[in-house]
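Analysis of the macromolecular model
Listed here are the chains, written in short residue letters.
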Amino acid sequence: MRNVREQTVGGGAASAETADKCVMKIGFFGRLRDVLGDEREVAAEEGETVASLRIRLAGLCPEAAGDLLSPRVRACVGDTMVGEDFVAGGHERIEFLPPLSGG
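Computed from a predicted structure; not experimentally measured.

Within the fold, L60 resides in helix α2 (residues 50-60). Classification of L60 as partly exposed rests on a relative accessible area of 38%. Sequence separation between L60 and V42 is 18 residues; the distance between their C-alpha atoms is 9.8 Å.

Pasting the structure below:
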């Protein structure tokens with residue numbers, strides 16, 4: 001992860017609260033990519049699980065909340081599918097893959 005002074009979260013300017021925090025890249029595929037684009041950056045939260053990251057992203061991106069919160073959309077770190085209790089904070093990139101992700 002990288003430390004940044006400013007970052008983009010959901011397309012907007014960073015708040016003072018997220019300044020100087022580590023940034024985690026979130027990749028999207030399939031329907032999620034159609035709505036949210038290829039990638040977003042969010043401030044990494046220490047100890048945050050995939051489940052809590054989903055909830056936070058759904059709040060930041062309500063237009064994709066249904067898919068982000070769906071148990072059919074899987075989270076992936078590297079080449080490994082991870083469960084909802086996986087600690088996402090501390091990883092540079094997490095990807096969310098709907099059942100039909102395309103290429």
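What follows picks up the thread again.
With that out of the way, let us pick up the pairing of strand β6 (residues 74-77). Summarising the sheet, β6 and strand β8 (residues 93-97) pair through three bridges and their orientation is antiparallel. Within β8, the position partnered with A75 by the bridge is F96. Taken together, the three bridges between β6 and strand β7 (residues 80-82) define a ladder with antiparallel strand orientation. Bridging across to β7, C76 finds its partner in M81. Between β6 and β7, which pair antiparallel in sequence order, lie two residues; one of them, G78, sits at a positive phi of approximately 65°.

Counted by the stated rule, this structure contains six salt bridges. Here E84 and R54 are joined by a salt bridge, their closest N and O atoms 3.0 Å apart. Separated by 30 residues along the polypeptide, E84 in the loop between β7 and β8 and R54 in helix α2 bring together distant segments of the chain. For E84, a relative accessible area of 36% translates into the label partly exposed. Linked by salt bridges that have partners in common, E39, R93 and E95 make up one network.

Moving on to the nonpolar core. Residues M24, I26, L32, L53, I94 and F96 are the most contacted members of the largest nonpolar core, which totals 20 residues. Contributions of two or more residues to this core are made by β4 (22-28), α1 (31-36), α2, β6 and β8. Filtering out sequence-adjacent residues up to four positions away, L53 remains in contact with M24, I26, V42, E48, A88, I94 and F96.

What counts and what doesn't
- Residues numbered from 1 in each chain as written.
- Predicted model: local features only at pLDDT ≥ 70, side-chain atom pairs only at ≥ 80, totals over all residues.
- Heavy atoms only, no water.
- Helix = DSSP H or I, 4+ residues; strand = E, 2+ residues; numbered from the N terminus.
- Buried < 20%, exposed > 50% of the residue type's maximum accessible area, 1.4 Å probe, protein only.
- Pairing = 2+ DSSP bridges.
- Salt bridge = Lys/Arg side-chain N within 4 Å of Asp/Glu carboxyl O.
- Core = buried A, V, L, I, M, F, W, Y, C linked by side-chain atoms within 4.5 Å.
- Contact = heavy atoms within 4.5 Å.

It is worth stressing that arrangement in space is one thing and function is another; only the former is reported here.
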